[in-house]
Amino acid sequence: SQFITRIEVYNELQYRYEGDYYLNQAVARTIVKLGKRFTTRIDVPYVHNTIGVATSEQQSGIGDVSIRLLGYQLFQKPRSALTASIELSFNTAESPYLGAGKNVVIPMVTYSLLMPKQRLLFSGLFQQANSFHGSESRRDVSFSKLQLIVLRYWSKRLWTLLAPEFYYDYIGTGLSMNMRARMTHAPSPRINVWITPSVGVFGDFFARYTWSVDVGGRFFLLRR
């Protein structure tokens with residue numbers, strides 16, 4: 001809920017047991033604060049997919065670019081906050097193997113609760129994704145995502161989080177789950193670096209992997 005202008009870069013490697021292939025994406029992200037209660041975000045991914053493809057198709061290239069049109073603080077108190085936003089993911093992938101093949105609209109709400117004496121932060125995130133337009137030969141997108149986050153501060157420079165995420169696919173695969181964990185270090189007030197190991201728990205949804213790991217960092221351009 002803290003809207004601060006920043007740049008983030010991270011690289012995520014996913015392995016899928018079914019199909020025995022790897023999916024790697026390097027993402028450049030910019031987040032810009034607009035006034036006191038608004039923010040916007042742009043993600044540009046570069047994707048590499050090792051799944052067997054026809055020789056005429058690219059296995060590496062730009063994926064689906066996404067833009068968060070609006071992040072808005074509905075309310076913020078000293079220890080809690082509620083925000084809402086809407087995001088658009090565009091069918092910009094250079095190959096069908098590098099993106100969803102559809103444009104997707106994704107409204108989202110988040111709630112956060114801080115417990116300073118326990119050095120804990122609890123958050124909940126709900127997203128609803130639905131596709132519109134795009135390739136007629138590609139599967140439609142319609143799913144809900146619920147992510148719960150428990151963040152523990154060990155010091156001003158080190159914190160960890162545990163984040164189970166659940167997907168319900170309305171097209172046919174039903175419920176799926178990943179379990180994510182992250183360790184973040186702040187070597188300076190303007191810089192964060194992290195590593196996020198994750199594992200797929202159950203389900204057949206396309207966002208569920210066998211295992212995943214990402215490393216990344218962010219640089220804060222403007223403080224509040």
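The notes below deal with the structure included here. Since the structure is predicted, the reported quantities are computational estimates derived from the model, not experimental observations.

Some remarks on the pattern of salt bridges
Where charged atoms from two side chains of opposite charge approach closely, those side chains can pair.
Part 1 of the reasoning: On inspection of all chains with the given rule, the structure shows 13 salt bridges.
Part 2 of the reasoning: The salt bridge partner of E8 is R6, with a shortest N-O separation of 3.0 Å.
Part 3 of the reasoning: D140 is paired through a salt bridge with K102; the nearest N and O atoms lie 3.2 Å apart. Taken together, the positions of D140 in the loop between β8 (120–132) and β9 (142–153) and K102 in the loop between β6 (80–89) and β7 (103–115) put the pair 38 residues apart, joining distant regions of the chain.
Part 4 of the reasoning: Linked through salt bridges whose partners overlap, the residues forming this network are R6, E8, R29, R41, D43, R68, E87 and R218.

Observations regarding the side chain of K102
Part 1 of the reasoning: By relative accessible area, which is 6% here, K102 ends up buried.
Part 2 of the reasoning: Looking at K102, its side chain comes within polar contact range of the main-chain oxygen of S135, at 2.8 Å.
Part 3 of the reasoning: If we ignore the near neighbours within four places in the chain, the residues touching K102 are S89, F90, N91, S131, H133, G134, S135, E136, R138, R139 and D140.

Focus on the packing of aromatic side chains
Part 1 of the reasoning: Going through the model one piece at a time under the given rule, you end up with eleven aromatic pairs.
Part 2 of the reasoning: Centre to centre, the rings of F38 and Y72 are 5.0 Å apart; their planes meet at 40°, and the pair counts as tilted. Of this pair, F38 sits in strand β3 (residues 38–49) while Y72 sits in strand β5 (residues 66–76), and the two are 34 residues apart along the sequence.
Part 3 of the reasoning: The class of F38 is partly exposed, set by a relative accessible area of 33%.

Structural notes on the nonpolar core
Part 1 of the reasoning: Counting eight residues, the largest nonpolar core consists of V104, I106, A129, V141, F143, Y167, F205 and A207.
Part 2 of the reasoning: Setting aside chain neighbours within four positions, we find A207 in contact with Y167 and N178.

With respect to the pairing of β9
Part 1 of the reasoning: Here β8 pairs with β9 via eleven bridges, running antiparallel. Opposite N130, over in β9, you have S142 as the bridge partner.
Part 2 of the reasoning: Relative to strand β10 (residues 158–169), β9 is paired through nine bridges, and the arrangement is antiparallel. Within β10, the residue paired with L151 across the bridge is L161.

Cut-offs applied
- Residues numbered from 1 in each chain as written.
- Predicted model: local features only at pLDDT ≥ 70, side-chain atom pairs only at ≥ 80, totals over all residues.
- Heavy atoms only, no water.
- Salt bridge = Lys/Arg side-chain N within 4 Å of Asp/Glu carboxyl O.
- Helix = DSSP H or I, 4+ residues; strand = E, 2+ residues; numbered from the N terminus.
- Buried < 20%, exposed > 50% of the residue type's maximum accessible area, 1.4 Å probe, protein only.
- Polar contact = N/O pair within 3.5 Å; in protein donor to acceptor, adjacent residues only side chain to side chain.
- Contact = heavy atoms within 4.5 Å.
- Phe/Tyr/Trp six-rings, centres within 6.5 Å; stacked < 30°, edge-to-face > 60°.
- Core = buried A, V, L, I, M, F, W, Y, C linked by side-chain atoms within 4.5 Å.
- Pairing = 2+ DSSP bridges.

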